[in-house]
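Per-entry structural report
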Amino acid sequence: MGERTGQCRPNYFCTVTKGAVEACQWCRRPLPPRAATGRPRRFCQPACRQRAYEARRLASSLHLGVGEVVVAKAELDQLHDRLYVLEAALEDVAGDLAGSPPAVAYREAFLHLYEAAAPLRGVVVEGSPSALVVDV
Ligand SMILES: [Zn+2]
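Conventions used here
Residues numbered from 1 in each chain as written. Predicted model: local features only at pLDDT ≥ 70, side-chain atom pairs only at ≥ 80, totals over all residues. pLDDT = per-residue confidence, 0-100. Helix = DSSP H or I, 4+ residues; strand = E, 2+ residues; numbered from the N terminus. Contact = placed C-beta atoms within 7 Å. Buried ≥ 20, exposed ≤ 12 C-beta atoms within 10 Å, placed from the backbone.

Remarks on the confidence of the model for the protein
Scored by pLDDT, the protein comes out at a mean of 81, with 78% of its residues at no less than 70. Looking at the elements of the protein, mean pLDDT is at its lowest for helix α1 (residues 46-61), recorded as 88, and at its highest for helix α3 (residues 103-117), recorded as 96. Note that residues 1-8 has pLDDT below 50 and, in this model, 16 contacts with residues that lie over four places away or in other chains. In this model, residues 132-136 is a region of pLDDT below 50 whose contacts with residues beyond four sequence positions or in other chains number two contacts.

Given below as structure tokens:
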């Protein structure tokens with residue numbers, strides 16, 4: 001899992017470091033550096049630990065398998081919508097940068113991709129008991 005810097009602005013590039021950062025087992029945000037002593041941290045904050053506990057209890061009561069979660073349909077739909085926007089932007093940019101585009105086209109492509117990707121910053125899809133509302 002890569003580090004999420006969350007510090008990008010349209011006129012700057014972001015760097016993402018993969019593999020070196022441990023992630024919270026609930027929200028997937030990077031964990032702070034490990035302390036020299038004690039047990040390794042698994043969660044970034046007590047709220048994440050509590051939600052993970054509640055999710056494990058819910059999964060157990062629903063007889064879900066390891067790695068299966070229940071999420072709110074509206075939350076999943078919103079994520080899919082944002083991913084669709086990003087996918088469409090990628091297709092736009094691939095077309096715009098085909099051939100030998102002028103340098104300004106790369107800047108416009110970056111801004112277009114940034115606009116499409118920005119709503120995904122900080123998105124966390126969480127399982128929770130409130131996700132049990134069936135909406136099909
Ligand atoms: Zn967390």
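This is not the end of the story, as more comes after the structure.
With respect to unusual backbone geometry
In the Ramachandran plot, R28 falls in the positive-phi region, its phi being about 70° despite a non-glycine side chain. Structurally, R28 is set in the segment before α1. The phi torsion at H63 lies on the positive side, around 60°, for a residue other than glycine. Looking at the element boundaries, H63 is found in the loop between α1 and α2 (73-96). The exposed category is assigned to H63, around which 7 C-beta atoms lie within 10 Å.

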